[in-house]
Amino acid sequence: MPFVAVRSSLSLTTDETKALRSLPVPIRITARNALQGSTADLARLVDSIPIGNASRFCCLVPIFHAALNSVQVPNYINPQTIPAITHAKCAVLGLVKISTVVPFDPDSGDDAMTKYVVRRWDEIYPWMRFFARNCLPPPYDVSVSPPRPDLCNVFNAAKMCISPLTIICTRSEEGRHMLRSSVSVQHYIAQLWILVGNIRGNVLPGDLGTTSDGLVPMMRSTFALTNYVCVSESEDPDKITLPLSNYIHAAGGVKPVVITLLKYIRRITRDAVALEEPRSWTVSDESVKQLHVYTVGLQYSFHFLQTISRQDASCRAQLIRQGSIRMVVDAINEISPRILVQANEELDFDPQMGLAARQNVLWSGYSYIASAIRDADDGVTAVCQAIDAGLIQTLEKAVVCPAHANRRDHPPRGCMGDIELLFLLATFFIYDRVVRSIFRHWFLVHSAPREKPEIRDKGLGIALELVLTATIDAMKHRNVEPINFHEYRCSGPGCPMYASKFVSKKRRCSGCLISIYCSEKCQRTAWRNGHKKWCQVLRCTVGPWGSRDIRTSLQVIAGFETSTISGMTKDVETQVHEAQQQFPAFSDKLVLMLDMTVYPPESHVLPVHKVEQFPGEDPIWPEIADEIRARSDSPPKGYMFSVVKVHLGKPKFTLFSPSMALRMAFEGQYFSDDEAYDSVDEDDIDDSNTLGDQDLDYDSESVDDKCDDV
């Protein structure tokens, strides 16, 4: 693109010239000189724009546009092009300043930012990119000096290149659509986002001290909104939104995006905590205003987390690996004492800075944690990370804040807030790994005695009491003897050998994935003594994938299954009666389904052929059903057996009753240890009638599993 020098004089329309007459005489003289091409007078016009009552200075906008149109972005920087660059810098600074300081009136139609910047984007954006490339440090190494710091200091370059984007996202719907639909703009924003995330300190070079706390913390907090807008869905479904992959590619890949986002959360939290205590908790207090900016920035960072986690599986997995849940819990834990403050009625019920709005910040963090758990392929790891980070203790502290449920401006419960997250956690208390984290939680609680907080949020207090009771039940179920016997002891009939003492490699039945054996002899003996009949039933107890988390948690699942069914006996009887009337042809083939993917668990009675992932047509089921009825200690309940529906986050499974399967498959072995080990010589076994090739797994897990002595 050829370089065009600064024109000697600029022209305005008649109406634009008349509008200048409303300004004071000195400013009119300065404006006339700026129209004649004076760069110094153009800079004085920028300085003359006041922070307050700036609406009357909107008549200067045509001068800034005319000055910007008089020059073009140069291909090279040399002494001949520097005057044009300086002229353009003053024009862009003037447009940014006047668009920022003019009060925003949502009822007045188009705002200043839309009229003066967004709709003249093709003129302004090339210069924003030029100054970002030459006057800001490299995004990935901010310690390196900018290529041309003599053209513009970093402070002014940041105001020109970054500040307008945040104002666009706040005030202009037209501008938000532009950010979502332009590949070039998203690449520009992603690079600036990395740059701001890597800046250390609170003051940029060139800051004259007009911002007492520095531009960087405020810019970091407000820029979180800009990036969230880029990856969020458009308000208008008919408008185009670029895929998330475009933004990730522009930022350098999944890992830089994740690391930078977590860095934003950590630093915004640090800035909010370091803020001095407000002198008066009022809407006009400067510390309260800054705290509001930080909390809003944290809220949009949480929204950004949830959006990329939901839209991209690789981002979701990388976030979990980088400890995002732990960092969100830490951020909520640190910032809660600053925002859950009951000050006065004027501030507490303010629509923007009030207590309800501040609680929304916490709920945004809870919402991300819940979505990360629900969408994960391994939700158990995510739940363990949350509990180990102290999520339950954090929620216990939140009960001191009233819910303000009687106020219309209070946000309604839902959208995975605190109570919903608590109940989601409770659906994972059936897993052994989660129970171990619960053990650690209770140890920390009892090792650090503290005063019992006053419960002002009654709903959250009741939910906490229910969930904490469930944690105690989980620990009780896990400690029932024998503990996970099928994981730590040979399943050969009467064999007392523990896995830690196996001489050879541990053999796991590749059919059921539950029984382990110390030798081929024990495996063949078990197959002949009944495992052949129960192998398929046990496989239905661990799900089609044979998840290790389910396999090692069967004892806890069985404990919850038994206690839950016994606690809802009357409801089950009613459901059985209704199912018999609804399905008369299957009244003798009903199954009780216990849905443990919700909390509290729900029960349903269905015909066996309607149960998900259940091989009801297999010919072995009539024999198993008769065996169940014959060996049941209680009178007929009206259903054949029970199944348990569980989830690991995104995957959901319907399991055959763990309590029934474990007891009936291993009853004579683990529950009656006085039986003799009746071994059968393997030469007397007809291999063709007993075991298939798939029933012996010689390449299964090694002897790393040891008896867990709780």
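Position labels on residues start from 1 in each chain and follow its written sequence. In view of the model being predicted, local features appear only for residues whose pLDDT reaches at least 70, and side-chain atom pairs are presented and counted only at 80 or more, with totals across whole chains, interfaces and linings using the full set of residues. Just so you know, side-chain values use all the structure's heavy atoms and leave hydrogens and water out.

### Some thoughts on the overall build of the chain
- Within the chain, the regular secondary structure consists of 32 helices and six strands.
- Each residue's exposure class comes from its accessible area (1.4 Å probe, protein chains only) as a fraction of the maximum for that residue type: buried when under 20%, exposed when over 50%, partly exposed otherwise. Among the 710 residues that make up the chain, the fraction classed as buried is 54%.
- In this description, contact between two residues means that some pair of their heavy atoms is separated by no more than 4.5 Å. Taking all contacts inside the chain whose residues are at least 6 apart in sequence as the whole, residues at least 24 apart take part in 76%.
- Of the accessible surface of the chain, which amounts to about 31,900 Å², a share of 52% is contributed by carbon and sulfur atoms. In this description a helix means any DSSP run of H or I spanning at least four residues, a strand means any run of E spanning at least two, and both kinds are numbered starting from the N terminus. Here the Shrake-Rupley method, with its probe set to 1.4 Å, supplies the accessible areas, and only the displayed protein chains count as covering residues.

### Some details on the pattern of salt bridges
- The rule for a salt bridge is simple: a side-chain nitrogen of Lys or Arg has to be within 4 Å of a carboxyl oxygen of Asp or Glu. Under the defined criterion, the tally for this structure stands at 14 salt bridges.
- Among the charged side chains, a salt-bridge network with shared partners connects Arg-220, Arg-270 and Asp-271.

### Some thoughts on the pairing of strand E3 (residues 590-595)
- Burial analysis of E3 places six of its six residues in the buried class, which makes it a mostly covered element.
- Sheet topology note: the E3/strand E4 (residues 602-607) ladder contains six bridges and is antiparallel. Across the sheet, Leu-594 pairs through a bridge with Ser-603, a residue of E4.
- Only when DSSP finds a minimum of two bridges between them are two strands counted as paired. Between E3 and E4, which pair antiparallel in sequence order, lie six residues.
- As judged from the five bridges shared by E3 and strand E5 (residues 641-647), these two strands associate in the parallel manner. Each residue of the ladder has a partner; that of Val-591, found in E5, is Phe-641.

### Considerations on the packing of aromatic side chains
- What counts as a ring pair is set by centres within 6.5 Å for rings of Phe, Tyr and Trp (its six-membered ring), and what kind of pair is set by the plane angle: stacked under 30 degrees, edge-to-face over 60, tilted for all other angles. According to the stated counting rule, one finds 13 aromatic pairs in the structure shown.
- With centroids separated by 5.2 Å and ring planes inclined at 15°, the aromatic side chains of Trp-121 and Tyr-125 adopt a geometry described as stacked. In this pair, Trp-121 and Tyr-125 are both assigned in helix H7 (residues 121-135), four residues apart and thus about one turn of the helix distant.
- With relative accessibility at 9%, the residue Tyr-125 sits in the buried group.
- With a centroid separation of 5.5 Å and an interplanar angle of 80°, the aromatic rings of Trp-127 and Phe-130 are classed as edge-to-face. Highlighted residues: Trp-127 and Phe-130, both in helix H7, separated by three residues, approximately one helical turn.
- Accessibility expressed as a relative area gives 2% for Phe-130, which makes it buried.
- Three or more aromatic residues joined by ring pairs make a cluster, and in this case those are Trp-193, Tyr-247, Tyr-264 and Phe-304.

### Side note on the sheet that holds E5
- Sheet architecture is open: four strands sit in the order E4-E3-E5-E6, paired in mixed fashion. Unpaired on one side and paired on the other, E4 and strand E6 (652-656) mark the two borders of the sheet. The sheet shows a mean angle of 25° between the axes of neighbouring strands, direction not considered.
- Bridge analysis of E5 against E6 gives five bridges, and the strand direction is antiparallel. Across the sheet, the residue bridging to Val-644 is Leu-655, located in E6.
- The strands that helix H29 (residues 569-582) touches are E3 and E4; relative to E4, the one it contacts most, it runs at about 25°. Interaxial angle, 0 to 180 degrees, is taken between N-to-C directions of lines fitted to C-alpha atoms, where a helix line uses only the stretch in contact.

### Concerning the packing of helix H2 (residues 25-35) against helix H3 (residues 39-48)
- For the pair H2 and H3, interaxial distance at closest approach is 8 Å and the crossing angle is 140°. Accordingly, the angle class assigned to the pair H2 and H3 is oblique. At the point where H2 passes H3, the crossing takes the left-handed sense. Counted together, Ile-27, Thr-30, Ala-31, Asn-33 and Ala-34 of H2 and Asp-41, Leu-42, Arg-44, Leu-45 and Ser-48 of H3 form the full contact between these two elements.
- Looking at the contact of H2 with H3 residue by residue, the classes come out as five nonpolar, three polar and two charged. Any angle that is under 35 degrees is reported as roughly parallel, and any over 145 degrees as roughly antiparallel; angles of 65 to 115 degrees are reported as roughly perpendicular and all others as oblique. Two helices cross in a left-handed way if the nearer one is turned anticlockwise from the farther one by less than a right angle. They cross in a right-handed way if the turn is clockwise. The residue classification treats Ala, Val, Leu, Ile, Met, Phe, Trp, Tyr, Cys and Pro as nonpolar and Asp, Glu, Lys and Arg as charged. All others, Gly included, are polar.

### Some remarks on the environment of Ala-343
- Looking at the element boundaries, Ala-343 is found in the loop between helix H17 (324-339) and helix H18 (345-348).
- Between the C-alpha atom of Ala-343 and that of Gly-354, which follows or precedes it by eleven residues, the distance is 9.5 Å.
- Setting aside residues up to four positions removed in sequence, Ala-343 forms contacts with Trp-281 and Asp-348.

### What about the side chain of Arg-220?
- Inspection of the secondary structure assignment puts Arg-220 in helix H12 (residues 215-231).
- Arg-220 has contacts with Val-196, Ile-199, Gly-201, Tyr-264, Arg-267, Ile-268, Arg-270 and Asp-271, leaving out every residue within four places of it along the chain.

### What about the packing of helix H9 (residues 163-171) against H12?
- Relative orientation of the contacting elements H9 and H12 amounts to 65°, with a least axis distance of 9 Å. Crossing handedness for the pair H9 and H12: left-handed. Two secondary-structure elements touch here, H9 through Leu-165, Thr-166, Cys-169 and Thr-170 and H12 through Thr-222, Phe-223, Leu-225, Thr-226 and Val-229.
- Class assignment for the residues of the contact of H9 with H12 results in five nonpolar, four polar and no charged.

### Here we look at helix H28 (residues 554-567)
- Its 14 residues place the ends of H28 20 Å apart at the C-alpha level, agreeing with the 20 Å of an ideal helix rising 1.5 Å per residue.
- Summarising burial for H28: ten of the 14 residues are buried, a large majority. Expected span of a helix, by definition, is 1.5 Å for each gap between consecutive residues, and there is one gap fewer than residues.

### Things to note about H3
- Of the residues making up H3, those classed as buried are Asp-41, Leu-42, Leu-45 and Val-46. Down the axis, H3 shows its buried residues gathered within 155° of arc, on one side only.
- Buried residues belonging to H3 abut H2, helix H4 (61-69) and helix H5 (82-101). Note: the arc covers the axis-to-C-beta directions of the helix.

### Focus on unusual backbone geometry
- Between Tyr-599 and the following residue, Pro-600, the backbone shows a cis peptide bond with an omega angle of -5°.
- Turning to its location among the elements, Pro-600 is positioned in the loop between E3 and E4.
- The backbone phi angle of Leu-513 is positive, close to 65°, even though this residue is not glycine.
- Tracing the backbone shows Leu-513 in the loop between strand E1 (507-508) and strand E2 (516-517).

### Quick notes on the confidence of the model for the chain
- Overall, the predicted model of the chain reaches an average pLDDT of 80, with 81% of residues at or above 70.
- Looking over the chain, one finds the lowest element-wise mean pLDDT in helix H32 (residues 687-690), namely 36, and the highest in H7, namely 94.
- A low-confidence stretch, residues 1-6 (pLDDT under 50), is modelled with 19 contacts involving residues beyond four sequence positions or located in other chains.
- This model gives residues 404-416 a pLDDT under 50, and the stretch forms 30 contacts once residues within four places in sequence are excluded. In predicted models, pLDDT denotes the confidence assigned by the predictor to each residue on a 0 to 100 scale.

### Concerning the side chain of Ser-553
- Counting through the fold element by element, Ser-553 comes out in the loop between helix H27 (548-551) and H28.
- By relative accessible area, Ser-553 is classed as buried at 0%.
- Pairs of N or O atoms are called polar contacts if they sit within 3.5 Å, as long as, within protein, a hydrogen donor faces a hydrogen acceptor (for residues adjacent in sequence, only side-chain-to-side-chain pairs). A distance of 2.5 Å separates a polar side-chain atom of Ser-553 from the backbone oxygen of Asp-549.
- Those residues in contact with Ser-553 that lie beyond four places of it in its chain are Ile-430, Tyr-431 and Asp-432.

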